[in-house]
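Coordinate inspection notes
Letter by letter, the chains look like this.
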Amino acid sequence: MFEWSDLRHFLAVARHGSTLAAARALGVNQSTVHRRLAEFERRVGHPLVSRHPSGYRLTEAGQSLLPYAQSVENAAIALERMIDGLDTGLDGTIRLTCPEPIVARLTASPLLEKFHERHPGLRIEFAMSDRYLDLSRGEADVALRSGDPEDPDLVGRKIADSVWAVYASQSYVQHRGRPQSAADLGRHLLVGFDGSMANHRAAKWLAAIAPQATIASRSNSVLGVLLAVKSGIGVAPLPTTIADAEQDLVKVLPPVPELARGWYLLAHPELRHTPRISAFFDFIVEELPAVRSILMG
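None of the values given here were measured: they were computed from a predicted structure.

Our focus in this paragraph is the packing of helix H2 (residues 19–26) against helix H3 (residues 30–44). A pair of packed helices is captured by two measures, namely the crossing angle of their axes and the spacing between those axes. Interhelical geometry of H2 versus H3 gives an angle of 105° and a closest axis separation of 8 Å. As summarised for this structure, H2 and H3 are arranged roughly perpendicular, according to the angle between their axes. Listed contacts from H3 to Thr19, Leu20, Ala22 and Ala23 of H2 are Gln30, Val33 and His34. By residue class, the composition of the contact of H2 with H3 is four nonpolar, three polar and no charged.

The subject of this paragraph is the nonpolar core. Ranked by internal contacts, the top residues of the largest apolar core, which has 33 residues, are Val166, Leu185, Phe193, Val229, Val235 and Leu238. When contributions to this core are tallied by element, the ones reaching two or more residues are strand S7 (164–169), strand S8 (189–193), helix H8 (201–209), helix H9 (222–230), strand S10 (236–239), helix H10 (240–243) and strand S11 (249–253). Residues in contact with valine 229, not counting those within four places in the same chain, are Tyr167, Ala168, Ser169, Val191, Gly234, Val235, Ala236, Leu238 and Leu249. Of all hydrophobic cores here, the second largest spans 29 residues; its members include Ile102, Ile124, Ala279 and Leu295.

Leu111, Leu112 and Phe115 are the residues of helix H6 (residues 111–118) that are buried. Looking straight down H6, one finds its buried side chains confined to an arc of 95°; they lie on one side. Looking at H6, the residues exposed on the side facing more than 90 degrees away from the buried face are Glu113 and Glu117. Along its buried surface, H6 packs onto strand S3 (92–97), helix H5 (100–108), strand S4 (122–126), helix H12 (275–286) and helix H13 (288–296).

If you trace the three strands from one edge of the open sheet to the other, you get S10-S7-S11, paired in antiparallel fashion. Pairing within the sheet leaves two strands with one partner each, and these edge strands are S10 and S11. Across the sheet, the mean angle from the axis of one strand to that of its neighbour is 55°, orientation sign disregarded. Sheet contacts for H9: S7, S10 and S11; angle to S10, the most-contacted strand, approximately 125°.

A few words on the side chain of serine 136. Take serine 136: it is sitting in the loop between S4 and strand S5 (142–146). Residue class for serine 136 comes out buried when judged on its relative accessible area of 18%. In contact with serine 136, not counting residues within four places along its chain, are Ile77, Arg81, Asp151, Asp153, Leu154 and His268.

This brings us to the packing of aromatic side chains. Enumeration according to the criterion identifies four aromatic pairs in this entry. With a centroid separation of 6.4 Å and 50° between ring planes, the pair formed by tryptophan 164 and phenylalanine 193 is classed as tilted. A residue pair is termed long-range when its members are at least 10 positions apart, and tryptophan 164 in strand S7 and phenylalanine 193 in strand S8 qualify at 29 residues. For tryptophan 164, a relative accessible area of 2% translates into the label buried. Residue classification places phenylalanine 193 among the buried residues on the basis of a relative accessible area of 5%.

The α-helix winds at 3.6 residues per turn, so residues separated by three or four positions along the chain end up facing the same way. For H3, which comprises 15 residues, the first-to-last C-alpha distance of 21 Å matches the rise-based estimate of 21 Å (1.5 Å per residue) to within 8%. Among the residues of H3, Thr32, Val33, Arg36, Leu37, Phe40 and Glu41 are the ones counted as buried. In an axial view of H3, the angular spread of the buried residues amounts to 165°, which keeps them on one side of the axis. Seen from the open side of H3, the exposed residues pointing more than 90 degrees away from its buried face are Ser31, Arg35 and Arg42. Where H3 is buried, its residues touch helix H1 (4–16), H2 and strand S1 (49–52). One or two positions beyond H3, positive phi appears at glycine 45, with a value near 90°.

This paragraph deals with the pattern of salt bridges. Per the stated rule, a full pass over the model turns up 16 salt bridges. In this structure, lysine 230 engages glutamate 246 in a salt bridge whose closest nitrogen and oxygen atoms are separated by 2.9 Å. Taken together, the residues lysine 230 in helix H9 and glutamate 246 in the loop between H10 and S11 connect sequence positions 16 residues apart. You can call lysine 230 partly exposed: its relative accessible area is 30%. Because the salt bridges share partners, they merge into one network encompassing Arg15, Glu73, Arg137 and Glu139.

This part takes up the pairing of strand S12 (residues 261–267). Most of S12 is tucked away: six of the seven residues are buried. By the bridge criterion, five bridges tie S5 to S12 in an arrangement that is antiparallel. In the strand pairing of S12, leucine 144 is matched with leucine 265. As judged from the seven bridges shared by strand S6 (residues 155–162) and S12, these two strands associate in the antiparallel manner.

Let us look at the sheet that holds S6. Read from one edge to the other, the open sheet built from five strands follows the order S4-S3-S5-S12-S6, with strand pairing classed as mixed. The sheet is open, and its two edges are formed by S4 and S6, each paired on a single side. Strand-to-strand twist across the sheet, computed as the mean angle between neighbouring axes with direction ignored, equals 20°. Contacts between H13 and the sheet are confined to S6 and S12, with S6 contributing the most and set at about 60° to the helix.

What counts and how
Residues numbered from 1 in each chain as written. Predicted model: local features only at pLDDT ≥ 70, side-chain atom pairs only at ≥ 80, totals over all residues. Heavy atoms only, no water. Axes fitted to C-alpha atoms, helices over the stretch in contact; angles between N-to-C directions. Helix = DSSP H or I, 4+ residues; strand = E, 2+ residues; numbered from the N terminus. Parallel < 35°, antiparallel > 145°, perpendicular 65-115°, else oblique. Contact = heavy atoms within 4.5 Å. Nonpolar A, V, L, I, M, F, W, Y, C, P; charged D, E, K, R; others polar. Core = buried A, V, L, I, M, F, W, Y, C linked by side-chain atoms within 4.5 Å. Buried < 20%, exposed > 50% of the residue type's maximum accessible area, 1.4 Å probe, protein only. Arc of directions from axis to C-beta. Pairing = 2+ DSSP bridges. Phe/Tyr/Trp six-rings, centres within 6.5 Å; stacked < 30°, edge-to-face > 60°. Expected span 1.5 Å × (residues − 1). Salt bridge = Lys/Arg side-chain N within 4 Å of Asp/Glu carboxyl O.

So yeah, pure geometry; function would need other evidence.
Structural data, given as structure tokens:
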């Protein structure tokens, strides 16, 4: 009655609320999403979404189909993981997701080259997003993440510490001074977190410690906050790993205990012990001093 790819496009629109966001999530053109969604509606014989000023919403028929579509997706993902688990060779691609700043530090180090020398049949492919990719849904194979793991379906280990401090640019300090304590942040201009970062522990800490402060700028990524702080527009907590490397930045407050977390190497349990994923885990553990230098500065 329908093709699995049509179902994927329907689910992406249902999840993201727009064909543009769905196209980005699927890595296709927006026109492709429109075409595949229309084809799926034609085969079903009912409209499944309706357009509103705020985006797309599921119709009653779309809401009725949604749990069944999700069940089909879960089964397809489980089948893909099972097939991956049958792989006994050390060749193929490992899709690694991690924060954008860490990608730059990894590629600038000799670590990946060393891994490829040891396992020439394996290739690391970075899966980038401004949100946590879902390993259970197959959006990536392995994750490097800071913060306590929230997905009970993933397995892995802590490999380093994640430390955050408060930074400002030299120009900001010259013109507006520097906070003397966390409580003093309320009288300074702050760079806040938005979008997928709105519930980040740093955003919650800022809201609790300086609820009346003026937010000069907001960003949905750590890199965006970093660039805003470098511009001199305001003060913000940032990972010491990337902020200490910026000559234009000043650490105006020491590491914040409430923001300290661990760095974790994670995978889905059905993939964890496949040869290619095991090879990557073993390599990271063997190279922990170099890995910690990348993750912690």
